[in-house]
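Structural characterization, general
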Amino acid sequence: MIDTSVQINVKSKPILPLTTTLGAVHIAVTDRSKALAIWQDVVGLDLIAENGNELVLGAGGKPLIVLETGATRPSVQRTIGLYHVAIHVPSRAELAQMAVRALQRNVRISPTDHLVSEAIYLWDLDGNGIEITFETPWRGTLGDPDKGETYAVTADGQPHSGRDPIDMDGLLAELGPEPVLAARMPAGTRIGHVHVHVGDLQQAMDFYRDVIGFAGFLLISSFGMGDVGLDYMPHTIAFNIWSGPNAMLPPAGAAGLRWFTINVPDAATLEGLKTRLAGAGASVAPVEGGIETQDPFGNRIRVLVG
């Protein structure tokens, strides 16, 4: 049972430079055509390249998602791994465009207003979670319910649930009276955040904050969720324990997260991170352009320079 009476001070400044970004997220899928039916036709990513069983998808020529075909089963629930990958669009109208693509194809979506972002959730046909998000940190801030605070507070001081449904009429009005529908996402689209399942909130916070080097933002025991980032809300990495305290890595062959990428600006930053990883006893393996490591639960991370 989670003890929500214990207050944990998680806030910190980032060790990583503010120019750190998230790179491509590698996800296993079972079938090429089924995967593209969601990631290309609904999400709206371009198929940039196809190398063997790898489908490189992105926007404006920038790779964002790499799908690895050949998984032998869909993603397995209640395991360590991907909760969702959030793809940030550069305008609210682009969020509306994505909603239209989903509605045209009868794809189930969950449009949610988090105050610091508006998000549309959906899943590919293997159960991989996807969030299309338009970040709006100027609209308010998040609080800590464990400390008696409202989960979210608007810029003018009003409480907000952080989980209201998006006003779809208002969102679709962003397209104007004579909308021109877009089949693909525009340049400027990027990976907004990665949200993973973990086995312990404090361990995850210690790793992503103190070892990887993001700033600690929130750890809400009553929600079973924490997040870290750089210098602003919303998060860059989020983590939760919703798969349960004994969650294991998924079985071999299952669809799901292979690894996600953190891009650091220079070799000195990478060397500092390698030192922290070694001090924490975390695995470090060389890969082209950087290193691969894992969080304490087995979620794989590649840290690359550039």
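To be clear, the structure that these remarks concern was listed above.
Right, let's walk through the structure included here. Note that the structure is predicted; figures quoted are calculated from it, not measured.

**What about the sheet that holds strand β14 (residues 215-220)?**
The 9 strands are arranged β12-β6-β7-β8-β5-β13-β16-β15-β14 in an open sheet whose pairing can be described as mixed. In the strand order of this sheet, the two ends are held by β12 (164-165) and β14, each with one partner. Bridging between strand β6 (residues 110-113) and β12 involves 2 bridges; their strand directions are antiparallel. By the bridge assignment for β12, threonine 112 is matched with proline 165. Those strands touched by helix α4 (residues 201-212) are β13 (190-197), β14, β15 (225-229) and β16 (237-240), and its axis lies near 170° from that of β14.

**Re the environment of threonine 236**
Note on placement: threonine 236 falls in the loop between β15 and β16. Using a relative accessible area of 7% as the deciding quantity, one classes threonine 236 as buried. The contacts of threonine 236, once residues within four sequence positions are left out, are Leu22, Gly192, His193, Val194, Phe214, Val228, Gly229 and Leu230.

**Some remarks on the packing of aromatic side chains**
Summed over the entire model, instances satisfying the criterion amount to 4 aromatic pairs. Ring centres of phenylalanine 207 and tyrosine 208 lie 5.1 Å apart, and the angle between their planes is 85°; this geometry places the pair in the edge-to-face category. There is no split in this pair, since phenylalanine 207 and tyrosine 208 are both buried. Put simply, the rings of Phe207, Tyr208 and Phe239 pair up and form one aromatic cluster. The ring of tryptophan 259 has arginine 302 lying over it, and the distance from NZ or CZ to the ring centre is 3.7 Å.

**Considering the environment of alanine 280**
Along the chain, alanine 280 turns up in the loop between α5 (267-279) and β18 (285-287). Using a relative accessible area of 48% as the deciding quantity, one classes alanine 280 as partly exposed. C-alpha of alanine 280 to C-alpha of valine 43: the two residues are 237 residues apart in sequence and 38 Å apart in space.

**Digging into helix α2 (residues 92-104)**
With 13 residues, α2 should cover 18 Å at 1.5 Å per step; its first-to-last C-alpha distance of 19 Å lies within 8% of that length. Every buried residue of α2 is accounted for by Glu94, Leu95, Ala96, Gln97, Met98, Ala99, Val100, Arg101 and Ala102. Buried residues in α2 make contact with β7 (117-123), β8 (129-135) and α3 (168-172). Remark: asparagine 106 follows α2 within two positions and exhibits a positive phi of approximately 55°.

**Thoughts on unusual backbone geometry**
Despite not being glycine, asparagine 106 has its phi angle at roughly 55°, a positive value. Its location among the elements puts asparagine 106 in the loop between α2 and β6. For leucine 115, which is not glycine, the phi torsion reads 75° and is therefore positive. Among the structural elements, leucine 115 can be located in the loop between β6 and β7.

**As for the pairing of strand β1 (residues 21-28)**
Within β1, 7 of the 8 residues are buried, leaving the element largely enclosed by the surrounding structure. With 4 bridges connecting them, β1 and strand β4 (residues 62-68) associate as parallel partners. Across the sheet, the residue bridging to alanine 28 is glutamate 68, located in β4.

**Observations concerning the pattern of salt bridges**
What the rule picks out here adds up to 11 salt bridges. A salt bridge links glutamate 174 to arginine 92, with the nearest nitrogen and oxygen atoms 2.9 Å apart. Remark: arginine 92 occurs in helix α2 and glutamate 174 occurs in the loop between α3 and β13; sequence separation between them is 82 residues. By sharing partners, the salt bridges in this structure join Arg92, Glu118 and Glu174 into a single network.

**Quick look at the nonpolar core**
Core analysis: the largest hydrophobic core is formed by 70 residues, its most contacted members being Trp39, Val43, Ile65, Leu122, Ile132, Tyr208 and Phe260. Top element by residues in this core is α4. It accounts for 7 residues. For phenylalanine 260, the contacting residues outside a window of four places in its chain are Ala24, Val25, Val194, Val196, Tyr208, Ile237, Arg300, Ile301 and Arg302. Grouped together as the second largest cluster of nonpolar side chains are 9 residues, Leu115, Val116, Leu218 and Ile220 included.

Cut-off values and rules
- Residues numbered from 1 in each chain as written.
- Predicted model: local features only at pLDDT ≥ 70, side-chain atom pairs only at ≥ 80, totals over all residues.
- Heavy atoms only, no water.
- Pairing = 2+ DSSP bridges.
- Helix = DSSP H or I, 4+ residues; strand = E, 2+ residues; numbered from the N terminus.
- Contact = heavy atoms within 4.5 Å.
- Axes fitted to C-alpha atoms, helices over the stretch in contact; angles between N-to-C directions.
- Buried < 20%, exposed > 50% of the residue type's maximum accessible area, 1.4 Å probe, protein only.
- Phe/Tyr/Trp six-rings, centres within 6.5 Å; stacked < 30°, edge-to-face > 60°.
- Lys NZ or Arg CZ within 6 Å of the ring centre and 35° of its normal.
- Expected span 1.5 Å × (residues − 1).
- Salt bridge = Lys/Arg side-chain N within 4 Å of Asp/Glu carboxyl O.
- Core = buried A, V, L, I, M, F, W, Y, C linked by side-chain atoms within 4.5 Å.

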